[in-house]
Amino acid sequence: MPFKLKLSRKWTDRYALIVLSGLLPVVLGVLIIVWQANRSLRLEATQTALEAVRQFDLMLDNAKLAADVVLPLAGQSCEQVELALRDQVTRRPFVRSVNLVWDNQIYCTSLFGNFKEQVNPVNYADGELWLMPGTLVTPNDPVLVYRQQKDKRSALISLYGFHLVNVLGLINQKTHLLIEVGDVWIDRYGLVRNSPTPHLPVAQTTVPSPEYPYRVIAGFNEGEVWRYVIMEYPGLLGLLIFLGFISATTVHQLKKRATSPSHELRRGLDAAEFIPYFQPVVRGDTKQWAGAEVLMRWQHPKEGLVRPDLFIPVAEHCGLIVPMTRSLMEQTAYLLAPHAKHMEPGFHLAFNIAAHHCHNLELVDDCRRFLQAFPPGHINLVLELTERELIVPSATTHQLFSQLHALGVMIAIDDFGTGHSSLSYLHEFNVDYLKIDQSFVAMIGADALSRHILDSIIELSAKLDLGIVAEGVETQEQSQYLADHGVDFLQGYLFARPMPSAEFIQALQAL
Ligand code: G
Ligand code: G
Ligand code: MN
């Protein structure tokens, strides 16, 4: 039955769902933010690389202008052109030196005038650009050389390496930038290297120059995405955590409502779903109705009629049994009081009570109100205490039971024989009736030993001057046996099953 399933549901299942519902908005939100951060970083890397290319092209444009001017001079003697070379160095920003070449042989430079050095065109990417780690004069300062060639003539324009390094370091501090010329590269630390270009883990972008044979590579170091997320979206992150918390708490509350048995009981109580059923108790000799036991049923909107074994233990556990019993007494009084005239004087109405009822004196008021609904002295109110759940004697219980007695309420020990109440216990609580458990009644006609136990209980109750009720009488033989042994009252399917109030009232009227 679903209700039972709910009771046994593991708390870890519920816990997992709550954690999931709290994590879901956080995880989804963080995924979106990370995606957004990646996009932004890629954009930033591209823009930084484009800006670097723009600046490098600008430098190289100066070199190209110088080359355009001096290339036609190649072939003339160094003395003739030396000044023109130096003129270009002073005129063009970023330019460090201007050199003239004839047949792959440098013969004149703006630095030294006459000079001799072999040029190897293979050093130049596309025969045009060479990133040198250093020169004769400054062996540790990189230099970018632009080469322009026509037939045997060529011009070499060198640019200061530190201008490159400055651009690489200054455009955007956070972006890692490097410039690759042929198979060598340099980054903001200014060392020319010919190892493969390093892989940049985040948002690596390569932008080739549209004019010159080099490429700029931009990207970010490991962890930049998270650093970016934390720096750029702290508010959003806070909001996500807040949403996760709200979501988890909501699910927690909803789950608690939907699955907590005690909550479901409380709902049932508020909706007046706990209703009384009545099982008549007959006299042993005449078999006339002498009273009835009020048994609780749960008219559940989804589960239908739920038997008490399934919910009474929970109700006892969470203390709701007290208001539930109160509701049962109120309903019973409301339903039966108008029909009191159909009940013989001294008619028994018995309610089952739990140990929880004995924690305070509320029960006295409940009983008083119940009795006040009927003509004075017309009915006997009986409280059945199960023997399986003995009440610990205390100042409160003594007070409770003496006040109940003063009201005329009777006490019965239910399921007698299945527990272990002592004689002193029976005396202590002023017990009036013993209800022999149905397991003993079922033994009638079986073996001699079982019958012996039953006989002893009947004998004992007679000696203690207690009334006796036999429960679970199902056969004629049992009924006969119990009547023959002087059992005062019988209850069981043989006479009537527990029935709803309408049926019970109808039967009362027909008596
Ligand atoms: O009717 P039967 O199946 O109905 O009852 C099953 C068990 O539930 C019995 O042990 C009976 O004592 C217990 N019970 C029925 N109604 C109540 C009640 O109102 N209060 C308590 N505490 N137990 C009840
Ligand atoms: O409160 P107590 O445990 O005495 O509750 C009586 C229980 O016994 C209820 O569940 C009721 O439905 C059940 N009952 C009443 N008469 C009979 C009967 O003749 N046979 C059986 N098997 N159960 C009965
Ligand atoms: Mn009972």
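Residues numbered from 1 in each chain as written. Chains lettered and ligands numbered in written order. Predicted model: local features only at pLDDT ≥ 70, side-chain atom pairs only at ≥ 80, totals over all residues. Heavy atoms only, no water.

> Sorry, what's going on with the nonpolar core here?
Burial of nonpolar side chains together is a common tendency in soluble globular proteins. Counting residues in each nonpolar core, the largest one holds 75 residues, and the members touching the most others are Phe374 and Leu404. Of all the elements, helix H9 (residues 321–336) adds the most residues to this core, at 7 residues. Filtering out sequence-adjacent residues up to four positions away, Leu404 remains in contact with Leu363, Val364, Cys367, Leu383, Val409 and Ile411. Formed by 58 residues, the second largest nonpolar core is a distinct cluster that contains Ala66, Val95, Ala203 and Val229. (Core = buried A, V, L, I, M, F, W, Y, C linked by side-chain atoms within 4.5 Å. Buried < 20%, exposed > 50% of the residue type's maximum accessible area, 1.4 Å probe, protein only. Helix = DSSP H or I, 4+ residues; strand = E, 2+ residues; numbered from the N terminus. Contact = heavy atoms within 4.5 Å.)

> How should I be thinking about the coordination of the manganese ion (ligand 3) in this particular structure?
Each donor-metal-donor angle in an ideal tetrahedron of four donors is 109.5 degrees, and each such angle in an ideal octahedron of six donors is either 90 or 180 degrees. The coordination sphere of the manganese ion (ligand 3), as far as protein atoms go, consists of Glu293 (OE), Asn352 (OD1), Glu384 (OE) and Asp414 (OD), spread over 2.1 to 2.3 Å. Binding-site remark: the manganese ion (ligand 3) is held by donors from one chain whose sequence spacing is E-x58-N-x31-E-x29-D. Taken together, the residues span a long stretch of sequence, with Glu293 in strand E12 (residues 289–300) and Glu384 in strand E15 (residues 379–386) at a distance of 91 residues. The residues Glu293 and Glu384 share a single accessibility class, namely buried. (Donors = N, O, S within 2.8 Å, 3.2 Å for Na, K, Ca; no water.)

> Would you explain the sheet that holds strand E1 (residues 95–102) in this entry?
Ordered by their spatial adjacency, 6 strands build an open sheet running E3-E2-E1-E6-E5-E4, and the pairing between neighbours is antiparallel. Taken across any chain shown, the strands that pair with only one partner, and hence form the sheet edges, are strand E3 (113–118) and strand E4 (129–132). Strand-to-strand, the axes of this sheet are offset by a mean angle of 25 degrees, without reference to chain direction. Those strands touched by helix H3 (residues 78–91) are E1, strand E2 (105–109) and E3, and its axis lies near 150 degrees from that of E1. Each of E4, strand E5 (143–150) and strand E6 (153–160) is contacted by helix H4 (residues 161–170), which is oriented at about 50 degrees to E6, the strand it contacts most. (Pairing = 2+ DSSP bridges. Axes fitted to C-alpha atoms, helices over the stretch in contact; angles between N-to-C directions.)

> Would you explain the site of ligand 2 in this entry?
Ligand 2 sits among 14 residues. The nearest are Asp414, Gln438, Glu471, Glu474 and Tyr493. Contact distances for ligand 2 include 2.9 Å between a nitrogen atom and a side-chain N or O atom of Gln279. One nitrogen or oxygen atom from the side chain of Asp415 is found 3.2 Å from an oxygen atom belonging to ligand 2. Considering ligand 2 on its own, with 520 Å² of exposed area, one finds that the protein chains cover 77% of that surface. (Near = heavy atom within 4 Å. Polar contact = N/O pair within 3.5 Å; in protein donor to acceptor, adjacent residues only side chain to side chain. Areas by Shrake-Rupley, 256 points an atom, 1.4 Å probe, with all protein chains shown as cover.)

> Help me understand the site of ligand 1, please; the structure alone is not making it clear to me.
Neighbouring ligand 1 are Leu295, Met296, Arg297, Pro308, Asp309, Ile312, Glu316, Ile321, Leu328 and Asn352. Contact distances for ligand 1 include 2.9 Å between a nitrogen atom and a backbone N or O atom of Met296. Within the contact set of ligand 1, an oxygen atom lies 2.9 Å away from a side-chain nitrogen or oxygen of Arg297. When the free accessible area of ligand 1 is taken as 490 Å², the share hidden by the protein chains comes to 78%. A majority-of-atoms criterion places ligand 1 in the largest pocket. Secondary structure elements with two or more residues in the shell around ligand 1: E12, helix H8 (308–318) and H9. Per-element accounting of the shell around ligand 1 gives the leading share, 4 residues, to H8. Considering only residue class, the shell around ligand 1 consists of 6 nonpolar, 1 polar and 3 charged. (1 Å grid on protein atoms, 1.4 Å probe; cavity = no way out; pocket = protein on both sides within 12 Å on 5 of 7 lines; lining within 4 Å. Sits in = over half its atoms within 2 Å of the grid points. Nonpolar A, V, L, I, M, F, W, Y, C, P; charged D, E, K, R; others polar.)

> Please explain the domain arrangement of the chain as it appears in this structure.
It is common to give the size of an interface as the accessible area that goes away when the parts come together. With domains assigned, the chain is organised as domain 1 (27–220) and domain 2 (261–510). In this structure, domain 1 and domain 2 have C-alpha centres spaced 103 Å apart. (Domains from an automatic or database assignment.)

> Is there a simple way to explain the UniProt feature "transmembrane region" (unreviewed entry) in the chain in this structure?
UniProt tags residues 15–35 and 233–251 as "transmembrane region" (unreviewed entry). Structurally, residues 15–35 comprises 100% helix and 0% strand, and the distance from its first C-alpha atom to its last is 30 Å. With 95% helix and 0% strand, the stretch residues 233–251 has end C-alpha atoms that lie 27 Å from each other. (UniProt positions renumbered as here; feature names shortened; annotations may be inferred.)

> Looking at this structure, I do not really get a nonpolar patch on the surface. What am I missing?
Judged by side-chain polarity, Tyr15, Val19, Leu23, Leu24, Val27, Leu28 and Leu31 come together as a nonpolar surface patch covering roughly 670 Å² of accessible area. Looking at the secondary structure, you find Val19 in helix H2 (residues 11–70). (Patch = residues over 30% accessible without salt bridge, like charges linked within 9 Å, V, L, I, M, F, W, Y side chains within 5 Å. Salt bridge = Lys/Arg side-chain N within 4 Å of Asp/Glu carboxyl O.)

> Looking at this structure, how should I read the environment of Val98?
If you trace the backbone, Val98 turns up in strand E1. You can call Val98 buried: its relative accessible area is 0%. Sequence separation between Val98 and Ala510 is 412 residues; the distance between their C-alpha atoms is 130 Å. Excluding anything up to four places from it in sequence, Val98 contacts Val70, Leu85, Gln88, Val89, Cys108, Thr109, Ser110, Leu156 and Ile157.

> Looking at this structure, I do not really get the packing of helix H10 (residues 362–372) against helix H11 (residues 395–407). What am I missing?
To describe two helices that pack against each other, one gives the angle between their axes and the distance between the axes. Contact pair H10 / H11: the axes reach a minimum separation of 10 Å and the direction vectors enclose 10 degrees. Overall, the two elements H10 and H11 adopt an arrangement that is roughly parallel. Here Leu363, Val364, Cys367, Arg368 and Leu371 of H10 come into contact with H11, specifically with Leu400, Gln403, Leu404 and Leu407. By residue class, the composition of the contact of H10 with H11 is 7 nonpolar, 1 polar and 1 charged. (Parallel < 35°, antiparallel > 145°, perpendicular 65-115°, else oblique.)

> It is not clear to me how the pairing of E2 should be interpreted in this structure. Could you clarify?
Strand residues, when the strand is regular, have side chains that alternate between the two faces of the sheet. For E2, a buried count of 4 out of 5 residues is recorded, marking the element as mostly surrounded by other parts of the structure. When E1 meets E2, the two strands line up antiparallel, connected through 3 bridges. When the sheet's bridge partners are listed, Leu100 is paired in E2 with Cys108. Turn length for the E1-E2 hairpin, with the two strands adjacent in sequence and antiparallel, is 2 residues, and the turn residue Asp103 shows positive phi of about 55 degrees. A loop of 3 residues connects E2 with E3, the two strands running antiparallel in sequence.

> How do you make sense of the packing of aromatic side chains when you look at a structure like this?
Each pair of aromatic rings is reported with the distance of its centres and the angle of its planes. Evaluated as defined, the whole model comprises 15 aromatic pairs. For the ring pair Trp289 and Phe504, a centre distance of 5.4 Å and an interplane angle of 10 degrees mean the geometry is stacked. Of the two residues, Trp289 sits in strand E12 while Phe504 sits in helix H16 (residues 501–510), which places them 215 residues apart along the sequence. As far as burial versus exposure is concerned, Trp289 and Phe504 are alike and both buried. Note on Phe370 and Phe374: the rings are 5.2 Å apart at their centroids and 50 degrees apart in plane angle, and the pair reads as tilted. Since its relative accessible area comes to 2%, Phe370 is described here as buried. Through a chain of ring-to-ring contacts, the aromatic side chains of Phe274, Trp298 and Phe311 assemble into a single cluster. The residue whose ring lies beneath Arg147 is Tyr124, and the NZ or CZ to ring-centre distance is 5.6 Å. Stacked on the ring of Tyr493, the Lys or Arg Arg497 has its end atom at 3.9 Å from the ring centre. (Phe/Tyr/Trp six-rings, centres within 6.5 Å; stacked < 30°, edge-to-face > 60°. Lys NZ or Arg CZ within 6 Å of the ring centre and 35° of its normal.)

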